Number of protein chains: 2
Amino acid sequence: MGRWEPDANGRMVRAAMELFAERGFEQTTAGDIAARAGVTERTFFRHFADKREVLFDSSRTLERTAVEAILAAPADDTPLDAALAGMLAAGGLLEDRHEHSVRRFAIISANPGLQERELLKLAALAEATAGALRGRGVAEPAATLAAQSAVTVFQVGFARWVSAEQPPGIGVCIADAAAALRALR
Amino acid sequence: MGRWEPDANGRMVRAAMELFAERGFEQTTAGDIAARAGVTERTFFRHFADKREVLFDSSRTLERTAVEAILAAPADDTPLDAALAGMLAAGGLLEDRHEHSVRRFAIISANPGLQERELLKLAALAEATAGALRGRGVAEPAATLAAQSAVTVFQVGFARWVSAEQPPGIGVCIADAAAALRALR
DNA sequence: AGCATCGATGTCAGGCACTGACATCATCAG
DNA sequence: CTGATGATGTCAGTGCCTGACATCGATGCT
């Protein structure tokens, strides 16, 4: 494994979360994070493409979970239903990490650069979702539209989930947002 | 006005478009753009917050146009209809700049960092749209959902408009995308 | 045990993005 | 003609990120 202690990756992620919460994203240098994690700045950039990426280490997992759920959804589900099933599955990964999600949300909300990166990850999620829908035989532009709509529902539901005092399940938040979307005319 | 020739801003925008098309975004330094525009690198950063921003100089205009159209939409329009009216108005600004839009789209598509910035601008457009809908009395989360849906329609319509060999009007592309969205179940 | 191998890490040098501070120049009001 | 104002130029400096190379730790083979 590594030269010293194991799980350098996790240590850097945790160090970054701490430092960003303490002093803010811009007031934290990549070297600061590396130092707290007990590695070198160079090592930090071997694990993460850039400074922001350290906050998005689990986005691929989220994506994969969504895609699998979409492909496993009942064959007679509409494209939107299937996509929403993917969002519910993705949300499930966060269900027991509410506090962590709240902290992370606060950090990202405080910095435009991080919001930018979050949007890119959500766009990737939407594209993966659209790809899964196409795998189910959905044609364009329906695949893209359903995928993007589902991700929007995820965003709205997630925002309520992290903002609520007495948080309901994230599944409820997503389902409510989905209902509100369908109510649009 | 300026110390030398007028319209330094426009010169920098044009120089950037040329250089990005010639060598790509990453292979172009801020100093390169400034030099071709006949100014200093420092002046470039006085006009644009960062190197990417030079490609998004007109996004505020787009936003303002959309908001005005939404506020001017018939009172009995549904939230989604009003938001889509805003998108059509915004698209109208691009109607007679098809070639420029194609070139710009190609540049942005070739670079993840620029896509990130584009997503941020679209998110800002969505937020402005949601604000305009709230101004019409639309409550949350309907305002956000309708706004985001409209922006998605804009994206899909725009993508077809810049990709089509024989381009129809951008209004047609947006209207078609809107119809496809409503056809989702 | 001894040795070769391989991946992860450390070290170093350097380019580019971006910023603060200060000087300079063009324009315009008076 | 002069002072004020705003845009530009100049300069120094920090931080992000990368390439190249050396080094270490674990693993497998003999």
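Bear in mind that the values here come from a model prediction, so they are computed numbers and not experimental data.

### Focus: the UniProt feature "DNA-binding region" (unreviewed entry) in chain A
Link 1 in the chain: Within the UniProt annotation, "DNA-binding region" (unreviewed entry) is assigned to residues 29-48 of chain A.
Link 2 in the chain: Annotated as residues 29-48 of chain A, this span is 75% helix and 0% strand, and its ends, taken at the C-alpha atoms, are 14 Å apart.

### Here we look at the pattern of salt bridges
Working definition: two side chains of opposite charge can pair if their charged atoms are close together.
Link 1 in the chain: All told, the structure shown has 34 salt bridges over all chains when counted by the stated rule.
Link 2 in the chain: Ionic pairing is found between B:E116 and A:R117, a salt bridge with its closest N-O pair at 2.7 Å. One end of the pair, B:E116, is in helix α7 (residues 112-135); the other, A:R117, is in helix α7 (residues 112-135), on a second chain.
Link 3 in the chain: Looking at B:E116, the relative accessible area reads 3%, which means it is buried.
Link 4 in the chain: Here the salt bridges share partners, and the residues they tie into one network are A:D50, A:R52, A:E53, A:E116, A:R117, A:K121, B:D50, B:R52, B:E53, B:E116, B:R117 and B:K121.

### A word on the domain arrangement of chain A
Residue and element names in this part refer to chain A.
Link 1 in the chain: By domain assignment, chain A separates into domain 1 (8-54) and domain 2 (58-182).
Link 2 in the chain: In this assembly, 8 residues from domain 1 lie in contact with 10 residues from domain 2.
Link 3 in the chain: Between domain 1 and domain 2, a total of about 800 Å² is buried, with carbon and sulfur atoms accounting for 59% of that surface.
Link 4 in the chain: For the pair domain 1 and domain 2, the number of links is 4 salt bridges.
Link 5 in the chain: Its salt-bridge partner being R117, residue E53 comes within 2.5 Å of it at the nearest N-O pair.
Link 6 in the chain: Applying the counting rule to domain 1 against domain 2 returns 4 residue pairs in polar contact (both at pLDDT 80 or more).
Link 7 in the chain: Of the residues contributing to the side of domain 1 that touches domain 2, the split by class is 4 nonpolar, no polar and 4 charged.

### Quick notes on the packing of aromatic side chains
Link 1 in the chain: Here the structure, examined in full by the defined rule, presents 12 aromatic pairs over all chains.
Link 2 in the chain: Measuring from ring centre to ring centre gives 6.0 Å for B:F105 and B:F158, while their planes differ by 65°; the resulting arrangement is edge-to-face. Of this pair, B:F105 sits in helix α6 (residues 98-109) while B:F158 is found in helix α8 (residues 142-163), placing the two residues 53 residues apart along the sequence.
Link 3 in the chain: Judged by relative accessible area, which is 29%, B:F105 ranks as partly exposed.
Link 4 in the chain: Following the ring pairs from residue to residue traces out a cluster consisting of A:F105, A:F154, A:F158 and A:W161.
Link 5 in the chain: Residue placement shows A:R104 over the ring face of A:F56; its charged tip is 5.0 Å from the ring centre.
Link 6 in the chain: Across the ring face of B:F25, the terminal group of B:K51 is positioned such that the distance to the ring centre comes to 4.2 Å.

How each quantity is defined
- Residues numbered from 1 in each chain as written.
- Chains lettered and ligands numbered in written order.
- Predicted model: local features only at pLDDT ≥ 70, side-chain atom pairs only at ≥ 80, totals over all residues.
- Heavy atoms only, no water.
- UniProt positions renumbered as here; feature names shortened; annotations may be inferred.
- Helix = DSSP H or I, 4+ residues; strand = E, 2+ residues; numbered from the N terminus.
- Salt bridge = Lys/Arg side-chain N within 4 Å of Asp/Glu carboxyl O.
- Buried < 20%, exposed > 50% of the residue type's maximum accessible area, 1.4 Å probe, protein only.
- Domains from an automatic or database assignment.
- Contact = heavy atoms within 4.5 Å.
- Buried area = accessible area lost by both parts, 1.4 Å probe.
- Polar contact = N/O pair within 3.5 Å; in protein donor to acceptor, adjacent residues only side chain to side chain.
- Nonpolar A, V, L, I, M, F, W, Y, C, P; charged D, E, K, R; others polar.
- Phe/Tyr/Trp six-rings, centres within 6.5 Å; stacked < 30°, edge-to-face > 60°.
- Lys NZ or Arg CZ within 6 Å of the ring centre and 35° of its normal.

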